[in-house]
Amino acid sequence: MAKQTIDEIDVSEKTVLMRVDFNVPLDDQQSITDDRRIRMALPSIKSVVDRGGKLILMSHLGRPKGDPSDVQKFSLAPAAQRLGELLGTDVAFASDTVGDDATSKASARKSGDVLVLENLRFNEGEKAGDADFAGKLAAMADAYCNDAFGTCHRKDASMVAVPEAMAGKPRVVGHLVA
């Protein structure tokens, strides 16, 4: 069965929620040691940005266990910074996934803007496939794109429950999944 790709939908002035795989290796100083996964997502990201879409990126990083030190150790902030460097533009970063910071920054996006949400696994609803958590993510966007090839087999909320919550809206795949 053929899947519709991100290039095939109208994204102009629309918000796209894209699941990417930014599970990149970090050293002890929280510096990315290999940005390949970020670079591999660029074609899908640019497809939205270059066509005037507003982009919200979500990913997991590592396996946080709920320890207070996990926030610094597994934050996606370094990935957001590196993405900004690769795109040559500012990339906003939300310190949460579905809380006040994420929702306010998501609603403030303009055409061509990119927002990276904090690590999905900081919210227990991600691994549990929680419909309430997924609904909050889905409410931020007009379309869903799965470009996280390496996590397609998972039943996490961002992979299954979010696209289910977005029934009636475009749900497509990115270049890596295609």
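Refer to the structure presented above.
The text that follows walks through the structure, step by step, so that each part is easy to find.

Quick notes on the rules
Residues numbered from 1 in each chain as written. Predicted model: local features only at pLDDT ≥ 70, side-chain atom pairs only at ≥ 80, totals over all residues. Heavy atoms only, no water. Salt bridge = Lys/Arg side-chain N within 4 Å of Asp/Glu carboxyl O. Helix = DSSP H or I, 4+ residues; strand = E, 2+ residues; numbered from the N terminus. Buried < 20%, exposed > 50% of the residue type's maximum accessible area, 1.4 Å probe, protein only. Axes fitted to C-alpha atoms, helices over the stretch in contact; angles between N-to-C directions. Parallel < 35°, antiparallel > 145°, perpendicular 65-115°, else oblique. Left-handed = near helix turned anticlockwise from the far one by under 90°. Contact = heavy atoms within 4.5 Å. Polar contact = N/O pair within 3.5 Å; in protein donor to acceptor, adjacent residues only side chain to side chain.

**As for the pattern of salt bridges**
Here comes step 1: Evaluated as defined, the whole model comprises eleven salt bridges.
Here comes step 2: Of the charged contacts in the structure, one is a salt bridge between Asp-10 and Lys-14, with a shortest N-O distance of 3.1 Å.
Here comes step 3: Salt-bridge contacts for Asp-35 lead to Arg-82; the nearest nitrogen and oxygen are separated by 2.7 Å. With a gap of 47 residues between them, Asp-35 in the loop between strand E1 (15-19) and helix H1 (36-49) and Arg-82 in helix H3 (residues 77-87) connect regions that are remote in the sequence.
Here comes step 4: A relative accessible area of 13% means that Asp-35 is categorised as buried.
Here comes step 5: Each member of the salt-bridge network shares a partner with another, and the members are Asp-35, Arg-39, Arg-82 and Glu-85.

**So, the packing of helix H6 (residues 131-138) against helix H7 (residues 157-165)**
Here comes step 1: In the contact formed by H6 and H7, the axes pass within 8 Å of each other and the chain directions differ by 65 degrees. Here H7 runs roughly perpendicular to H6, going by the angle between their axes. Between H6 and H7 lies a crossing of right-handed hand. Every residue of H7 that contacts H6 at Phe-133, Ala-134, Gly-135, Leu-137 and Ala-138 is listed here: Ala-157, Ala-161, Val-162 and Ala-165.

**Considering the side chain of Ser-75**
Here comes step 1: Position of Ser-75 among the secondary structure elements: in the loop between helix H2 (70-73) and H3.
Here comes step 2: Using a relative accessible area of 9% as the deciding quantity, one classes Ser-75 as buried.
Here comes step 3: Here Ala-77 takes part through its backbone nitrogen, which lies 3.1 Å from a polar atom of the side chain of Ser-75.

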